[in-house]
Amino acid sequence: MNEYFEKQKELYGDNPGFDISELLSKPYDKTLAEKLYDPAKPMQNRITDIGPAHFFQFLPPVLKKNYGQWKYHEIVQPGVIKYTAESGDTVFAVRCASARLITTNLIREVAEIADKYCDGCVRWTTRNNIEFHVETEDKLRALLDDLKGRKFPGGSYKFPVGGTGASVTNIVHTQGWVHCHTPAIDASSVVKSVMDDLFEYFGSHKLPAQVRIALACCLNMCGAVHCSDIAILGVHRKPPLVEDERITGVCELPLAVAACPLGAIKPATVEINGEKKKTVRVNEDRCMFCGNCYTMCPAMPLADGQGDGVAILVGGKISNRISTPQFSKLVIPYIPSEPPRWQSTVKTIRNILEVYASNANKYERLGDWAARIGWERFFEKCNIPFTDKSIDDYRLAYDTYHTTTQFKWSVHTDNL
Amino acid sequence: MAEVKKHATPMCDELKKGSWPSFVDDIEQKGLAGKQECLDLLGQLELSFKHKETHWKHGGIVGVFGYGGGVIGRYSDAPEQFPSIAHFHTVRVNQPNGKFYSSAFLRKMCDIWDYRGSGMTNLHGSTGDLVMLGTKSDQLEPIFFDFTHQMSVDLGGSGSNLRTPECCMGKSRCEWACIDTQGIIYDLTQTFQDELHRPAFPYKFKFKSSGCPNDCVAAIARSDCSIIGTWRDEIRIDQAAVAAYMAGELKPNAGAHSDRDWGKFDIQKEVIDLCPTKCMWMEGKTLKIDNRECTRCMHCINVMPVALRPGVDTGATILMGAKAPILDGAQISTLVIPFIKMEPPYDEFKDFVGSIWDWWMEEGKNRERFGELLQRQSIQELLRRTGLKAIPQMVKEPRSNPYVFWSADEVEGGWKRDAAEFRKRHAA
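None of the values given here were measured: they were computed from a predicted structure.

Engineer: Is there a simple way to explain the overall build of chain B in this structure?
Structural biologist: Of the regular secondary structure elements, chain B holds 14 helices and 14 strands. Oriented by its inertia axes, the alpha-carbon framework of chain B measures out at about 90 × 75 × 45 Å. Looking at chain B as a whole, 60% of its 428 residues qualify as buried. With an accessible surface of roughly 17,100 Å², chain B has 52% of that area assigned to carbon and sulfur atoms. The distance from the centre of the 53 positive side-chain charges to the centre of the 57 negative ones in chain B is 3 Å.

So, in structure tokens, the structure goes:
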């Protein structure tokens, strides 16, 4: 560790964020910014381009010591991973869920737990889990007991432990109605409802392999659901409204026209109160409801409570393990929005998960199972109606067509 | 404590039930302790539940002086009902690489956000930033001054910038990290601060780095430039540990399947037969691997982590162009550099990135991701722009159509031809 740290110091020691311990030891000064910032001289006292604080200073001591020298790991129980270093040092990482949308109250509570058990150190994972590190069995038991006892007033766990191995770990998701301007569905309430239902799978290792669920509340896919075992995607189904009266005031018409990947938006002129106004018209038969026009033009909203809802895609993966990374495939084109509990979506996901769990081989990811048995069998086994909406008709569609006499007999062919 | 007004939110309240952490309970508790923004946010969410539509307005350009990214404007479309969230802008703060924190860091961040923002956050945003949700326009400069002066922490990216680079936990805790993902991403973030803060690209650009092909940070699916650790020597084998797995003394896949009876561990069925290249076999009690045939998928290593480890001649595979569907459809990154050593100061890699950006800034259309340019102009153009050589590893299979774009200098005699001479040989 010392050699690595010395090298980092040599390379980056002059960066202001290399060691911020002294800054952090001072209490927050509420008045400092107003003293330093003068709107008339905006460059005065301005610090820019310093980047992030250097990561090494935040590592738990045992991780600093064994940086780059880890040897193997073992999941001792769901949510607890024991790492062993070349030096013989060991550390337990305890993984627990969070809602991602969290308040400073909860973060302060995490800091308090970190101080109590972990030398003040804590980590977040890519999938919104929180990881605490402890070095002894005693501390591990005490930490697990402590976490188990922390609940919100309504009774939900603040820090449920799990998310390792062949489980359903935390859902990667987006903002939804809580904070985004383009969503077709909410995010946090869907995630809460799905994970309440699948809670038993978060804290256990019962599945054939890990199942990664992700949610994106519109086709922009900030949640990157295009490579997930199960993807929950918000979709629009009505073409954009065009607000003729305000469109020239709020957007550049050529950009709105160019935004459409299918060329379905054309410039137009309309008469409003005897006055000619420039606007656009949408060839509604060509609209695929991607929402890119709305991203470029606020006067073309797509959101519609009746039209919007959930699409389910399955079988994607990111890992290169056994099979190559795969896209998620659309198996259910539409489920209506049902806030706050999204019961049809929840039921659909549990069904797919359980059919997969009882049929797939050990180590087999959902998409690998579906590919092995054939997608006709996937639809049959999951009792999902196959519709033309699952047949690609966009670019590269031909890549997904069946060009062989090899197929399986299934419910879809039984009554031909 | 400040007076606060709680809205009637029966549908939100339903989400306090159940076992999974309730964001509603968390936000409501924060609100009742004096943050009206939290209660107004739940009120507006209740309205969205009723209408099944969002109540946030489109856009609004706000920011801090000299930066073109890092702050996202957000305004409620029901400000009369929910005045405290009329402005509710987001500030993206660049996370430490690997997302390790000290309690002192978190507390100071909370102090700033309790004083100048709503007290609500996303840990973390999809790109990896610390996302501070909800503040007003007049607080943006003070927030920036607070983070830079009192924490030495900078903003992240947004808009047509380099977005905040992200990595897995790498060598800090993982035995499979073939590259120092945190060190690499820290260096790139510092090197490209100008690109991160000042929009000069056709659209967003993301770096993500994972230490091995398990790809825990989803680099291959979510970044324009995916830096993924690999090795080019031999998988290290501890034969005694192989025997221990076979004897049932060690748990397969590190215990990942512990809650179901899958029967006794069978190395033939669970490892050797599942190997995608069938490059492993048993000779008596010895596990053999033909490493030349291995594609480093990680399965055998994942199943027997005590027995098998990646090699020691390590570096990165570079893949380019992953993105979500808008506009041309989703892409997974395409392999361009099979192996590159990744040691500071990473000059060879940065030169490669420079040639990619020059190409994209010259030819990319407005809002065209790099992966879409690569599709539109071809791998051949990438080779011309970067000086890389064509290798079979770049494709799943050779092309099946014969439409080759020969250039004149590749064909004997070039393309200048004499029609009269042609007609001397062939009557018209």
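Engineer: Explain the interface of chain B and chain A here, please?
Structural biologist: When the parts of a complex come together, some accessible area is lost, and that lost area is often taken as the interface size. The interface of chain B with chain A comprises 144 residues on the first partner and 154 residues on the second. A buried area of about 13,200 Å², summed over both sides, lies between chain B and chain A, and 59% of it is on carbon and sulfur atoms. Between the two partners, chain B and chain A, sit twelve salt bridges. Across the chain B-chain A interface, the total number found is 90 residue pairs in polar contact (both at pLDDT 80 or more). Split by residue class, the side of chain B that touches chain A holds 63 nonpolar, 44 polar and 37 charged. The pairing of strand 4 (residues 101-103) of chain A with strand 4 (residues 120-123) of chain B spans three bridges and is antiparallel. By the bridge assignment, Leu101(A) is partnered in strand 4 of chain B with Asn122(B).

Engineer: So what exactly am I meant to see when it comes to the domain arrangement of chain B here?
Structural biologist: All names here are of chain B. Considered domain by domain, chain B is made up of domain 1 (10-149), domain 2 (166-232 + 313-409) and domain 3 (236-309). Distance between the C-alpha centres of domain 2 and domain 3: 31 Å. With seven residues of domain 2 at the contact, the number on the domain 3 side is six residues. Both sides together, the interface formed by domain 2 and domain 3 hides about 700 Å², and carbon and sulfur atoms give 61% of it.

Engineer: What's the story with unusual backbone geometry in this structure? I'm lost.
Structural biologist: Both trends apply: most residues other than glycine have a negative phi, and most peptide bonds are in trans. Residues and elements named next belong to chain B. In the segment running from leucine 123 into histidine 124, the intervening peptide bond is cis, with an omega of 0°. Inspection of the secondary structure assignment puts histidine 124 in the loop between strand 4 and strand 5 (130-133). Across the junction of proline 344 and proline 345, the peptide omega takes the value 5°, indicating a cis bond. Inspection of the secondary structure puts proline 345 in the loop between strand 14 (334-340) and helix 12 (347-363).

Engineer: Hey, could you run me through the sheet that holds strand 2 (residues 90-93) of chain B in this one?
Structural biologist: Backbone hydrogen bonds are what pair the strands of a sheet, in a parallel or an antiparallel way. The strand order across the open sheet built from five strands is 4(A)-4(B)-5(B)-2(B)-1(B), with neighbouring strands paired in antiparallel fashion. Each having just a single partner strand, strand 4 of chain A together with strand 1 (71-72) of chain B make up the two edges of the open sheet. Packing of helix 5 (residues 104-117) of chain A onto the sheet brings it into contact with strand 4 of chain A together with strand 4 of chain B, and relative to strand 4 of chain A it is tilted by some 75°.

Engineer: Honestly, helix 9 (residues 239-246) of chain B in this entry has me stumped. Any pointers?
Structural biologist: One full turn of an α-helix is made of 3.6 residues, so residues set three or four places apart face in the same direction. Residues and elements named next belong to chain B. All of the buried residues along helix 9 are Ala241, Val242, Ala244 and Tyr245. With its buried residues spanning 160° around the axis, helix 9 presents them on a single face. Those residues of helix 9 that are buried are in contact with strand 9 (236-237), helix 10 (267-272), strand 11 (286-289) and helix 11 (299-303). Where helix 9 starts, the residue carrying a side-chain oxygen 3.1 Å from the main-chain nitrogen of alanine 240 turns out to be aspartate 238. Within two residues after helix 9, glycine 248 carries a phi angle of roughly 80°, on the positive side.

Engineer: Any chance you could explain the packing of aromatic side chains here in plain terms?
Structural biologist: Each aromatic ring pair is summarised here by two numbers: the centre-to-centre distance and the angle between the ring planes. One pass over the structure, following the stated rule, counts 42 aromatic pairs over all chains. For the ring pair Tyr398(A) and Tyr401(A), a centre distance of 6.0 Å and an interplane angle of 75° mean the geometry is edge-to-face. Relative to Trp360(B), the ring of Phe205(B) has its centre 5.5 Å away and its plane inclined at 50°; by these criteria the two rings are tilted. With Phe205(B) in the loop between helix 7 (193-197) and strand 7 (207-210) and Trp360(B) in helix 12, this residue pair connects regions lying 155 residues apart in the sequence. Across this residue pair, the class does not change: Phe205(B) and Trp360(B) are buried. Ring pairing ties together the aromatic residues Tyr4(A), Phe5(A), Tyr12(A), Phe18(A), Phe55(A), Phe56(A), Tyr67(A) and Tyr186(B), which thus form one cluster. Seen from the ring of Phe100(B), Arg123(A) lies directly overhead, with NZ or CZ sitting 5.4 Å from the centre. We note Arg237(A) situated over the ring of Tyr334(A); from NZ or CZ to the ring centre the distance is 3.3 Å.

Engineer: Got a minute to help me understand helix 12 of chain B in this structure?
Structural biologist: The first and last C-alpha atoms of helix 12 of chain B sit 24 Å apart over 17 residues, in line with the 24 Å expected at 1.5 Å per residue. Of the residues making up helix 12 of chain B, those classed as buried are Phe349(B), Lys350(B), Phe352(B), Val353(B), Ser355(B), Ile356(B), Trp357(B), Trp359(B) and Trp360(B).

Engineer: Can you help me understand the packing of helix 13 (residues 366-373) of chain A against helix 14 (residues 375-382) of chain A in this one?
Structural biologist: Helix-helix packing is described using two parameters, namely the angle between the two axes and the distance between the axes. Residue and element names in this part refer to chain A. Between helix 13 and helix 14, whose axes approach to 6 Å, the crossing angle comes to 110°. It follows from the interaxial angle that helix 13 and helix 14 lie roughly perpendicular. Residues Leu366, Trp369, Ala370, Ala371 and Ile373 of helix 13 touch helix 14, and the partners they reach there are Trp375, Arg377, Phe378, Lys381 and Cys382. Residue composition of the contact of helix 13 with helix 14, grouped by class: eight nonpolar, no polar and two charged.

Cut-offs applied
Residues numbered from 1 in each chain as written. Chains lettered and ligands numbered in written order. Predicted model: local features only at pLDDT ≥ 70, side-chain atom pairs only at ≥ 80, totals over all residues. Heavy atoms only, no water. Helix = DSSP H or I, 4+ residues; strand = E, 2+ residues; numbered from the N terminus. Buried < 20%, exposed > 50% of the residue type's maximum accessible area, 1.4 Å probe, protein only. Areas by Shrake-Rupley, 256 points an atom, 1.4 Å probe, with all protein chains shown as cover. Lys, Arg positive; Asp, Glu negative; His and termini not counted. Charge placed at Lys NZ, Arg CZ, Asp CG, Glu CD. Contact = heavy atoms within 4.5 Å. Buried area = accessible area lost by both parts, 1.4 Å probe. Salt bridge = Lys/Arg side-chain N within 4 Å of Asp/Glu carboxyl O. Polar contact = N/O pair within 3.5 Å; in protein donor to acceptor, adjacent residues only side chain to side chain. Nonpolar A, V, L, I, M, F, W, Y, C, P; charged D, E, K, R; others polar. Pairing = 2+ DSSP bridges. Domains from an automatic or database assignment. Axes fitted to C-alpha atoms, helices over the stretch in contact; angles between N-to-C directions. Arc of directions from axis to C-beta. Phe/Tyr/Trp six-rings, centres within 6.5 Å; stacked < 30°, edge-to-face > 60°. Lys NZ or Arg CZ within 6 Å of the ring centre and 35° of its normal. Expected span 1.5 Å × (residues − 1). Parallel < 35°, antiparallel > 145°, perpendicular 65-115°, else oblique.

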